Structure formats: structure tokens, C-alpha cells
Amino acid sequence: MKIYKYWTVEKQKIRIDGAEQEVTCYGGSKFSVEGGRGKAREKAQKIQRKIAGEKHLFEDYESEIREEILQTIDDHSVITRNRYGARVLNVEKLMILDIDKPKPAASGLGGLFKKKDTRPPKEQIFEMVKTLATTKYKNYAFRIYETYQGARVIVLGREFDPRDGGTKKMMDEFNCDPLYTLLCNKQGCYRARLTPKPSRMKLRGYKVKYPREGDDSEFQRWVSEYESLSRNFSVCKFVEQVGASHYVTDVVRLHDDVTGVGYPQRLA
């Protein structure tokens, strides 16, 4: 998981088809702005080498998350603010599943004669999770939450490397959102939005840029309005914990507190 405290932007010159062109590169560091500058220059050099014909330079690249750090929970868990202003939990090993749709019906003759499931989509998702949690994955605990779109599931009982092939296979089994699964692999972490989407609160949008440059008073006004309005909504509601019995970690407790799982508020 590459999330840095210090960020800087560098303009660098590279040669493309014999002509010199300027590229913009962002660099991040845990220790200093100068360290970020060095990373930005390294990126420009790699781009130049890629253009020159070097292969495999970015094949195993872990994408940086260029967002402002709001809270460092521990060495493997931080809260950031994403591009549309919401607070987001980023965790390296705590598997979080984002499931928006029920599993598609089986194809072939088996699916042809199977009775169509007419239950609401969320009920189908919850049932699918419970079935897998109490059979194939019964050694783990699964905390099921209802979200605006579908379900969020936090898996307890062991650590899961988001870049491991076995992790992707398990996420696919639970019909996890494909784009989310891909991002977990590319960014080396799982992410869970902790505060509502502005559009679902009927709040005007704001494109959050980071690092911010110059006067950010407009952004600060927007954030104040956003945080105030957020208190009237919840991001998810706790449904139940199924599977094995495992200890609920401090990170999960924080997640539950900030998302407002226990409040009778609208989901957003």
C-alpha cells in the first residue's frame, strides 16, 4: 500500500520520437517533500526508458494512492480523503468485499430448470455470503453490512494479501465488484468508504485535488459543509456476523463507528 504524507509535482523533460516534451509526474514520500521530488524524477526516467524499448518496467507496478492522509490508525491502516471528498479506510491485509449484485444464475441445463429467484437483490447477496461463510469458508468470520447499493463484507480470522491470486479467486467467488477487485490488486490494499457520497446527500460535487496548491479556502468551505451534512446519513448498516467466532479488531470498531452502522439514518 503506497500512501504518503508528503507529495510534490515535478515537470520533467523526456524525448518522444526525437522531440523533447514535458511531462508532469507526482512523487510521494513518507519522510519529506524532497524525497517526493526524487520519486517524481524516478518516474520520469522510467517513462523515458519505457519509450526507449525497455520491457516489463511497469508489469508488477503497485499504484500509489494520491490522497490526503486524515488519520493513521496503525502501520497497515490509514484514513484518507478521496477525489470526491469522502473519507476512506485503507487497509493492507483486512479483506473487505464490495458486492453490488447477486451472483448470476447458473448457465446450461441446470440453470434452465431452476426456479427464478424473485427475492430483492440485497437478500440474495446476504444469502450467498452466508452460504459460503458457513460451508467453504467456515473457519473465518464474515461481518455483513447493508450498503446503499448492495453489501459490504469484512472477513476476520486471517490476513489476506490483496495481490495474491488466491485472494482474487475468493473475491470472485463472492461476486465482488470486478473494478474494486482490480483496484485492490493494483493498489495493494482494500478500501472502504466511511462517509457518504456527496451526490446521495444532494450536495454539490467538488473535485478534490491533492497535493493542493495555492488558496484552498473554497475547498475548506466545501469540506465543512460536507462533514456537517454527513452526520445525517449512514454509509452502511450492520446485518449480522456469520461463520467462525473471531475477535472484532479496533480497525473494524472504528469502521463501524464512523460509518454509523447503529444509527437509523438513510444510507448514502
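Cut-offs applied
- Residue positions are given per chain, counted from 1 along the sequence in the order it is written.
- Local features are withheld for residues below a pLDDT of 70 in this predicted model, meaning they are given only at 70 or higher, and side-chain atom pairs are given and counted only at 80 or more; totals for whole chains, interfaces and linings count all residues.
- Side-chain measures were taken over the full set of non-hydrogen atoms in the model, leaving aside hydrogen atoms and water.
- A run of H or I in DSSP becomes a helix once it reaches four residues, and a run of E becomes a strand once it reaches two; helices and strands are each numbered from the N terminus.
- Burial classification: accessible surface area is computed with a 1.4 Å probe over protein chains only, and a residue below 20% of its type maximum counts as buried, one above 50% as exposed, and the rest as partly exposed.
- Here, residues are in contact when the closest pair of their heavy atoms is within 4.5 Å.
- Working definition of accessibility: Shrake-Rupley area with a 1.4 Å probe, residue cover restricted to the visible protein chains.
- In this count, Lys and Arg are taken as positive residues and Asp and Glu as negative ones, while His and the chain termini are left out.
- By convention, charge coordinates are those of NZ in Lys, CZ in Arg, CG in Asp, or CD in Glu.
- Between any two strands, pairing holds if DSSP finds at least two bridges.
- The angle between two axes is taken between their N-to-C directions and runs from 0 to 180 degrees, where each axis is a line fitted to C-alpha atoms and a helix contributes only its stretch in contact.
- Nitrogen and oxygen atoms within 3.5 Å of one another constitute a polar contact, given that in protein one can donate a hydrogen and the other can accept it, and given that sequence-neighbouring residues count only through two side-chain atoms.
- The aromatic pairing rule takes the rings of Phe, Tyr and Trp, using the six-membered ring of Trp, and pairs them if the centres are within 6.5 Å, calling planes under 30 degrees apart stacked, those over 60 edge-to-face and the rest tilted.
- By disulfide we mean two sulfur atoms from cysteines, separated by a distance within 2.5 Å.
- This arc is taken over the directions from the axis of the helix to the C-beta atoms.

Caption draft 1: Main features of the overall build of the protein. Scanning the protein from N- to C-terminus turns up seven helices and twelve strands. The C-alpha extent of the protein, read off along each of the three principal axes, is 65 × 45 × 35 Å. The buried share of the protein, taken over its 268 residues, is 42%. In the protein, the share of contacts with a sequence separation of at least 24, taken over all contacts with a separation of at least 6, comes to 69%. Approximately 15400 Å² of the protein is accessible, and the part contributed by carbon and sulfur atoms is 49%. Of the side chains in the protein, 50 bear a positive and 38 a negative charge, and the two mean positions are spaced by 4 Å.

Caption draft 2: Summary view of the sheet that holds strand β3 (residues 68-74). Overall, antiparallel pairing links the four strands, which are arranged β3-β4-β5-β9 in an open sheet. Of all the strands in the sheet, the pair left with one neighbour each is β3 and β9 (190-193). Ignoring which end each strand starts from, the neighbouring axes of this sheet average 25° apart.

Caption draft 3: Fine view of the environment of Lys 197. Examined against the element boundaries, Lys 197 turns out to sit in the loop between β9 and α6 (217-230). Taking relative accessible area as the criterion, Lys 197 reaches 27% and is therefore assigned partly exposed. When the C-alpha atoms of Lys 197 and Cys 176 are compared, they prove to be 20 Å apart, with 21 residues separating the residues in sequence. Apart from residues lying up to four places away in sequence, Lys 197 is in contact with Tyr 84 and Ala 268.

Caption draft 4: The side chain of Thr 147, seen in detail. Mapped onto the elements, Thr 147 comes out in strand β7 (residues 141-147). A polar contact is formed between the side chain of Thr 147 and the backbone nitrogen of Gly 150, at a distance of 2.9 Å.

Caption draft 5: Just the packing of aromatic side chains, in detail. Enumeration over the complete set of coordinates arrives at nine aromatic pairs. Residues Trp 222 and Tyr 226 carry aromatic rings whose centres are separated by 5.2 Å and whose planes lie at 10° to one another, so their mutual orientation is stacked. Of this pair, Trp 222 and Tyr 226 both sit in helix α6, four residues apart, roughly one helical turn. As far as the burial class goes, Trp 222 and Tyr 226 line up, both buried.

Caption draft 6: Here's a closer look at the state of the cysteines. Counted under the stated rule, the structure contains zero disulfides. Here Cys 176 stays free of any disulfide, with the sulfur of Cys 184 as its closest cysteine sulfur at 6.6 Å. In this structure Cys 176 comes out as buried when scored by relative accessible area, which is 3%. Cysteine Cys 189 is unpaired, with the sulfur of Cys 184 as its nearest cysteine sulfur at 6.7 Å.

Caption draft 7: Structural context of helix α4 (residues 165-173). Considered for burial, the residues of α4 that qualify are Thr 167, Met 170, Met 171 and Glu 173. Buried residues along α4 cover an arc of 155° about the axis, so they all sit on one side. Of the exposed residues in α4, those oriented more than 90 degrees away from the buried face are Gly 165 and Lys 169. Its buried side turned inward, α4 meets β6 (96-99), α3 (121-133), β7, β8 (151-156), α5 (178-187) and β9. The backbone nitrogen of Gly 166 has a side-chain oxygen 2.8 Å away, supplied by the residue at the start of α4, namely Asp 164. Positive phi appears at Asn 175, one or two residues downstream of α4, with a value of about 55°.

Caption draft 8: Just the sheet that holds β6, in detail. Taken together, four strands build an open sheet; the order of strands is β6-β8-β7-β11 and the sheet is antiparallel. One side of each edge strand has no neighbouring strand; the edge strands of this open sheet are β6 and β11 (236-243). The average angle at which neighbouring strand axes cross in this sheet is 20°, direction not considered. Alignment of β7 against β11, held across seven bridges, turns out to be antiparallel. For Ala 141, the partnering residue across the bridge sits in β11 and is Gly 243. Against the sheet, α3 touches β6, β7, β8 and β11, its axis set at about 175° to β7.

Caption draft 9: Fine view of α5. Every buried residue of α5 is listed here: Tyr 180, Thr 181, Cys 184 and Gln 187. Around the axis of α5, the buried residues are gathered within 145° of arc, so they sit on the same side. Of the exposed residues in α5, those oriented more than 90 degrees away from the buried face are Pro 178 and Leu 179. Taken together, the buried residues of α5 touch β6, α4 and β9. Just downstream of α5, Gly 188 is the residue with a positive phi angle, here 65°.

In short, the description is geometric, and any link to function would need to be established separately.
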